[in-house]
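# Descriptive structure summary
Below are the chains, spelled out letter by letter.
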Amino acid sequence: MKRFAWRWLVICSLVVGVAVAGTAAAGVEARPRYGGTLRVAMHAAPASLDPADSTQADSFARRNLTFLLFETLVTAGAGGRLHPGLASSWQASSGPTLENQRWQFQLRHKVKFHDQTALTAELVAASLRVANPGWKIVTETDSVVIELEAADPELPAELALPRNAIVKRTADGKLSGTGPFHISDWQPGKKLILAASEDYWKGRPYLDVIEIEMGRSFHDQWMALELGRTDLVEVSAEQSHRVASEGRPVAASEPVELIALLFAHDAQSPVEKSLRDALALSLDRGSIRSVLLQGTGQPAGGILPDWMTGYGFVFPADADLARARHEREDVKVAPAWTIGYDPGDSISHLLAERIALNARDAGLTLQPTTAATADLRVARIPLASSDPWIALSEVAAAAGLVRPAAHGGSVEELYAAEQSILATQRIIPLVHLPAAYAASASLRDWKPSVDGSWDLANIWLEPETGIR
Amino acid sequence: MHAAVYNSVIPKVILNTVKRSSRPVFCLCVALCFFPLLPGLVMCSLAADWSVPEQQLARKIVAVTGPGAVALTVENRSSLSKRESEIVSAGLHSALETLGLRFVKPEQAAATVAISLSENLNAYVWVAEIRLGDKVSIEMVSKPHVDGVVSTRDSVPLSIRKIPVWAQEEQVLDVLVLEENTAPTHIAVLGPEDVSLYRLQGGKWQREQALGVAHTRPWPRDLRGRLIPGKDHLLDAYLPGVICHSTNGASLTLSCQESDDPWPLVAGSAGGGVSANFPSLVASTLPAIPQVGGFFASTRNFFTGALAPGVGKFATVPKFYSAAFLPRGRYVLWLFAAVDGQIHMVDGVSDQPARLNWGSDVASLRTACGAGWQVLATSSGVPGSDSMRAYELPDRDAVPVSAALDFGATVTALWTEAKGDTAIAVTRNGETGSYEAFRVAVACNL
């Protein structure tokens with residue numbers, strides 16, 4: 001028996017050896033490890049962590065910070081699929097007059113704020129009233145009821161937005177949330193240190209501490225990563241080529257940021273409509289993507305990216321200079337427009353310059369400016385949600401347009417709503433960009449979700465940072 | 001008043017009831033009928049019915065073009081396979097012909113119709129761009145995605161085989177087969193909040209009972225748990241800081257207490273603890289392996305390293321995720337998959353650490369192959385797609401004795417079953433979030 005066993009082992013070893021050698025370089029699966037400090041750098045420098053503070057610029061970084069500290073009643077997964085958050089269930093009123101007008105959200109039990117206060121309907125209602133002063137919100141034992149003036153089937157998806165995160169605000173201005181991390185130190189706009197919440201209702205995060213440095217340029221972030229001084233950084237579009245060429249893996253979301261031209265007001269005449277048409281037709285989005293954005297992102301003819309709708313390709317994104325000139329020639333005198341850009345954003349500046357060149361080829365005059373009162377501006381709009389209706393609604397609001405109503409929510413209705421927004425000529429889509437990040441090799445289970453959000457509660461660090 | 005319930009746990013997260021309940025049944029039937037052919041088993045196959053969206057889109061197109069001659073193109077921009085897209089294309093042609101369209105070259109056509117088979121995250125989206133003179137019309141339909149097909153293969157020389165036992169959307173920590181049958185008909189499924197008992201009746205799994213797992217503290221992340229058949233009762237459930245025992249009364253209940261008592265590392269027959277549900281084990285003459293218990297950290301995902309009883313002179317070993325043993329002539333060699341990534345080989349006298357590039361989960365299997373005992377160890381080539389391989393350890397060198405068995409998902413649990421000759425592996429699909437439990441067995445090919 002023993003002799004047979006050894007012969008058997010030798011033969012097996014030879015046969016399997018090749019396969020083993022082939023996979024020797026493969027990684028080793030290990031269970032997540034607790035402990036360690038994650039160092040993060042970001043470009044955004046919010047002065048407030050309050051999710052309802054509308055004076056702070058929207059950014060993926062700010063959203064991700066919000067969800068480290070706070071939680072919403074409903075959470076949105078990939079494709080806008082909704083999941084219970086601080087609400088364990090929800091119901092809408094029915095009937096011909098009240099359908100989707102009165103919504104009741106049953107709160108999850110045994111959830112505590114970081115200051116150990118229990119989550120109650122009153123605290124939830126108070127939080128939602130700050131973010132939505134126009135809503136009528138009442139409480140019932142363990143639930144919150146929102147009564148709307150008009151039916152809104154998308155209300156649960158709207159409650160998944162960061163601005164609707166549940167916050168306990170104290171009189172002295174302190175904020176407390178229910179999220180996986182609590183604030184350990186906060187220097188507004190500079191540095192934020194978070195510590196794991198030991199009794200977090202979904203389980204303590206693996207990490208002990210997250211240190212976040214704010215207001216760091218993309219170049220500084222990259223250098224810090226290269227020097228091993230940080231673990232997770234943002235990668236801008238203009239860096240992507242260099243980062244890839246240096247062999248550093250970049251984790252990117254689906255294209256989730258819309259760069260578009262926003263006009264300050266409606267077209268005042270058929271002449272102005274023709275000129276806006278001419279400008280839209282003159283835009284060489286292909287060159288913008290390949291040259292200015294180093295091949296990152298996708299040219300956008302529509303507001304929503306193709307992965308979100310499945311029909312994005314039907315909106316033409318190619319330049320048609322002949323038609324642009326034709327539209328321009330129908331107008332005797334074309335006024336010079338100013339095109340605004342954010343002076344702190346190099347991409348916006350480059351885009352404004354390039355668009356002015358494209359426009360000149362069609363016979364239009366655009367003057368780039370950093371003034372706030374431009375005729376049109378280059379806008380970077382992080383899409384608010386992977387739910388296409390919510391994303392479209394928020395873009396419409398950013399452009400100063402009426403939010404579309406999602407009556408039935410079918411893809412045909414979505415297309416019609418998007419088409420009607422484009423028909424206003426207040427917005428000309430340019431490019432959809434992904435949110436991209438680079439990380440040190442010590443990060444495990446790290447990957448941004450399709451909408452660019454982090455899940456830092458579920459990542460962990462290699463053991464040299466310590467097992468607790 | 002509250003007619004519509006928008007709790008996504010019920011209508012959205014869970015797959016449709018028929019499919020969900022029938023899937024394990026189907027898999028088990030296949031396993032029963034084709035057990036010898038399991039290496040090539042295709043687990044489940046769901047054929048899509050495209051006729052409804054085909055007809056919907058055809059009607060919309062004809063509403064624009066009217067009957068007559070059109071030039072039609074169909075382009076696949078989605079994840080549909082070439083074969084599937086050809087089937088859809090043929091179906092669209094047929095549906096359009098039925099409604100009075102004839103297909104001609106573009107120069108002969110009154111209208112051109114370009115159909116794109118596209119998709120978004122939730123649904124297939126078919127878009128028709130219709131050109132009628134200078135006018136362009138867009139029509140579209142959508143069809144929600146169906147779950148994909150998963151297939152696995154493994155190969156010689158010693159084969160690890162995985163037999164599907166259970167699948168569900170909710171988290172599974174462990175599955176205990178409550179009888180000796182090769183094809184299970186009575187199982188317990190451990191989740192974070194309950195132990196569910198299922199019985200196969202009339203070809204369908206019926207949930208007999210759900211026994212709540214009482215706990216006061218939130219569970220730690222990467223929650224782990226284990227079901228073990230009881231000696232004089234149905235089962236015990238071990239979770240971090242909580243131990244539950246089923247009670248035999250008029251009706252089955254589960255009694256849970258907060259407890260830091262050690263978890264048995266040798267379950268079932270090997271440890272001499274035999275349930276009446278396993279009659280062959282009661283009569284077994286195989287030597288029992290001395291029981292070793294490991295203390296599990298109540299707020300973490302690993303064993304603390306404290307053992308009770310210990311292994312020889314070792315009452316503690318480094319913190320570990322899992323343990324396996326290999327009986328030798330006069331002693332038992334214990335293998336601890338430590339949190340530092342090393343495998344600690346402890347024989348009672350010495351602790352020999354080694355970097356074997358194994359994963360966190362190991363389990364012992366008693367087989368009729370080779371040395372009679374093998375160790376199953378997990379590893380990962382690509383994130384979210386773990387594999388498993390069998391090893392022997394002559395002279396404490398790990399020798400692989402099987403090819404790797406890919407799971408196409410993350411292995412979240414691996415525990416030896418009561419009889420010791422099979423193990424239960426639980427996997428989590430990173431994309432769908434669903435869980436599957438497999439019985440893992442080793443077959444001798446030489």
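Residue numbers restart at each chain and count upward from 1, following the sequence in its written direction. Going through the entries in the order they are written, you letter the chains from A and number the ligands from 1. The predicted origin of the model limits local features to residues at a pLDDT of at least 70 and limits the giving and counting of side-chain atom pairs to 80 or more, whereas totals for whole chains, interfaces and linings rest on all residues.

## Quick word on the overall build of chain B
We apply this condition: Note on conventions: DSSP H or I runs of at least 4 residues are helices, E runs of at least 2 residues are strands, and numbering of each starts at the N terminus. Whether a residue is buried, exposed or partly exposed follows from its count of other C-beta atoms within 10 Å of its own C-beta, namely 20 or more, 12 or fewer, or something in between, respectively; the C-beta atoms are built from the backbone. Contact criterion: two residues are in contact if their C-beta atoms, reconstructed from the backbone, are within 7 Å.
Along the backbone of chain B there are five helices and 31 strands. For chain B, the residues scored as buried account for 43% of the 446 residues in total. Within chain B, contacts between residues separated by at least 24 positions form 52% of all contacts whose residues are at least 6 apart in sequence.

## Observations concerning the overall build of chain A
From N to C terminus, chain A includes 13 helices and 21 strands. By its C-alpha atoms, chain A is 95 × 60 × 45 Å across when sized along the principal axes. Sorting the 468 residues of chain A into buried and exposed places 47% on the buried side. Within chain A, counting contacts between residues at least 6 apart in sequence, those at least 24 apart form 70% of the total.

## So, the domain arrangement of chain B
Put simply, the rule is: How far each domain reaches was decided by an automatic or database domain assignment.
The domain boundaries assigned to chain B delineate domain 1 (51-144) and domain 2 (176-259). Its C-alpha centre places domain 1 of chain B at a distance of 52 Å from the equivalent point of domain 2 of chain B.

## Some words on the pairing of strand β19 (residues 427-439) of chain A
All names here are of chain A. Let me state the cut-off plainly: Being paired, for any two strands, means DSSP has found at least two bridges between them.
Burial of β19 is extensive: 13 of the 13 residues sit out of reach of the surface. As paired elements, strand β13 (residues 232-235) and β19 share four bridges and run antiparallel to each other. The partner of Val-233 across the bridge, within β19, is Ala-438. Relative to β19, strand β14 (residues 250-263) is paired through ten bridges, and the arrangement is antiparallel.

## Examining the domain arrangement of chain A
All names here are of chain A. Inclusion rule: Residues were grouped as follows: Ala, Val, Leu, Ile, Met, Phe, Trp, Tyr, Cys and Pro as nonpolar; Asp, Glu, Lys and Arg as charged; and all remaining residues, including Gly, as polar.
On domain assignment, one finds that chain A holds domain 1 (33-70 + 179-231 + 440-468), domain 2 (72-172) and domain 3 (254-434). Domain 1 puts 13 residues into the contact, and the matching count from domain 2 is twelve residues. Each residue belonging to the side of domain 1 that touches domain 2 can be placed in one class, and the counts come to six nonpolar, four polar and three charged.

## Here we look at unusual backbone geometry
The linkage connecting Ala-308 of chain B with the following residue, Pro-309 of chain B, adopts the cis geometry, with an omega of -10°. For Pro-309 of chain B, the position within the fold is in strand β18 (residues 303-311). Phi at Lys-110 of chain A is positive, roughly 60°, even though this residue is not glycine. Note on placement: Lys-110 of chain A falls in the loop between β5 (102-107) and α3 (121-131). In this structure, Asp-445 of chain A takes a positive phi of about 60° despite not being glycine.

## Notes on the nonpolar core
Counted only if it meets this: In this usage, the nonpolar core is the set of buried Ala, Val, Leu, Ile, Met, Phe, Trp, Tyr and Cys residues whose C-beta atoms join them within 7 Å.
Leu-207, Ile-210 and Leu-430 of chain A together with Trp-126 and Met-140 of chain B are the most contacted members of the largest nonpolar core, which has 151 residues in total. Looking at this core element by element, the count peaks at ten residues for β19 of chain A. Beyond its immediate stretch of four places on either side in the chain, Ile-210 of chain A contacts Leu-38, Val-40, Leu-68, Phe-181, Leu-194 and Leu-456 of chain A. Counting 95 residues, the second largest nonpolar core, distinct from the first, contains Phe-320, Leu-326, Leu-335 and Ala-413 of chain B.

## Notes on α3 of chain A
An α-helix turns once every 3.6 residues. As a result, residues three or four positions apart point the same way. Residues and elements named next belong to chain A. In plain terms, the rule: Taken from the helix axis, the directions to the C-beta atoms give the arc we talk about.
Along α3, the residues classified as buried are Leu-123, Val-124, Ser-127, Leu-128 and Ala-131. The arc that holds the buried residues of α3, viewed along the axis, is 130°, so those residues lie on one side. Turning to α3, the residues buried within the fold contact β5, β6 (136-140), β7 (143-147) and β8 (168-169).

## Quick look at helix α8 (residues 285-292) of chain A
All names here are of chain A. Residues Arg-285, Ile-288 and Arg-289 constitute the buried set of α8. For α8, the buried positions fall inside an angular range of 95° around the axis, keeping them on one side. Residues of α8 that are exposed and point more than 90 degrees away from the buried face comprise Gly-286 and Val-291. Lining the buried residues of α8 we find β15 (298-299), α11 (346-361) and β19. Looking at the residues trailing α8, positive phi occurs at Gln-294, about 55°.

## Things to note about the confidence of the model for chain B
Residue and element names in this part refer to chain B. The condition that has to hold: For every residue, the pLDDT score states the predictor's confidence, bounded by 0 at the bottom and 100 at the top.
The predicted model of chain B averages 81 in pLDDT, with 81% of residues at 70 or higher. Below a pLDDT of 50 lies the segment residues 1-47, which in the model reaches 77 contacts outside its immediate sequence neighbourhood of four places, other chains included. Taken as a whole, residues 147-156 scores under 50 in pLDDT and shows 24 contacts with residues more than four places along the chain or in a different chain. For this predicted complex, the interface confidence score (ipTM) comes to 0.75, while the overall pTM stands at 0.72.

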